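So the chains spell out like this:
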Amino acid sequence: MDALLAYCSPNFSQSDWTGQEVGFAFGKAVPVISILAGDAPKGLLEPVQAQHWIISESNVGDVADYVYERLKHESALKAKLSEALARKLKFAGSFGEAALLAAELVEIGEWTDRARHDIELATEVNNQMGDAMANEDFVQMCSFSVGSP
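In this text, all values refer to a predicted model and were calculated from it rather than measured experimentally.

So, how was this worked out
- Residues numbered from 1 in each chain as written.
- Predicted model: local features only at pLDDT ≥ 70, side-chain atom pairs only at ≥ 80, totals over all residues.
- Heavy atoms only, no water.
- Helix = DSSP H or I, 4+ residues; strand = E, 2+ residues; numbered from the N terminus.
- Axes fitted to C-alpha atoms, helices over the stretch in contact; angles between N-to-C directions.
- Parallel < 35°, antiparallel > 145°, perpendicular 65-115°, else oblique.
- Left-handed = near helix turned anticlockwise from the far one by under 90°.
- Contact = heavy atoms within 4.5 Å.
- Nonpolar A, V, L, I, M, F, W, Y, C, P; charged D, E, K, R; others polar.
- Expected span 1.5 Å × (residues − 1).
- Buried < 20%, exposed > 50% of the residue type's maximum accessible area, 1.4 Å probe, protein only.
- Arc of directions from axis to C-beta.
- Phe/Tyr/Trp six-rings, centres within 6.5 Å; stacked < 30°, edge-to-face > 60°.

Chemist: Mind laying out unusual backbone geometry, listing which residues take part and the relevant values?
Modeler: Among all residues save glycine, negative phi is the norm, and among peptide bonds the norm is trans. Unlike most non-glycine residues, Ala29 shows phi in positive territory, near 60 degrees. Inspection of the secondary structure assignment puts Ala29 in the loop between α1 (16–28) and β2 (32–36).

Chemist: Tell me about the packing of helix α3 (residues 78–89) against helix α5 (residues 113–125), and name the residues and values.
Modeler: Taken N-terminus to C-terminus, the directions of α3 and α5 make an angle of 15 degrees; their axes are 8 Å apart at the nearest point. In terms of orientation, α3 lies roughly parallel with respect to α5. Along this stretch, α3 crosses α5, giving a crossing that reads as left-handed. Here Ser82, Glu83, Ala86, Arg87 and Leu89 of α3 come into contact with α5, specifically with Arg114, Ala115, Asp118, Ile119 and Ala122. Here the residues of the contact of α3 with α5 are counted per class, giving five nonpolar, one polar and four charged.

Chemist: An account of α3 is requested, with residue identities and associated values reported.
Modeler: With 12 residues, α3 should reach 16 Å at 1.5 Å per residue; the first-to-last C-alpha distance of 16 Å fits that figure. Turning to α3, its buried residues number three or more, namely Lys78, Leu81, Ser82, Leu85, Ala86 and Leu89. Buried residues in α3, looked at end-on, bunch into an arc of 130 degrees, giving them a common side. Contacts made by the buried residues of α3 are with α2 (60–71), α4 (95–108), α5 and α7 (136–141).

Chemist: Can you explain the packing of aromatic side chains? Please cite residues and give values.
Modeler: With the rule as written, the count across this model stands at one aromatic pair. Taking 5.7 Å as the distance between ring centres and 55 degrees as the angle between the ring planes, the aromatic pair formed by Trp111 and Phe138 counts as tilted. Placement of the pair is Trp111 in the loop between α4 and α5 and Phe138 in helix α7, with a sequence separation of 27 residues. Of the two residues examined, Trp111 and Phe138, each falls in the buried class.

See the structure below:
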């Protein structure tokens, strides 16, 4: 477990298992994010500020963005996030998507060897890297020789 997203549905606090999972997350000292979608959380989760959402098909992307924004600042998660973004960069389907991923990688700022390898591979195989390579900070963080995408 790298983080816990507690989706506090109307019966969340009535389940023994949710309490077990929350306790495990706190014991491991991983980031905990709670989404209030019913009952207010009780027990160990009660002091954690919950973001209230009525989740629907139209705002599920907003919820995902909220969770990502909270997690990307956690130093313990930067390596895994950089690897996931770098993997996705290889398959970016547009210049804009590649530029957005490159900007996120710069913001995270810590790249593992695996992430660097995938970024290098993206510059070689993905013809949508043009706008990403226009990001001077991104290019500067790349420790490999970058050719024309």
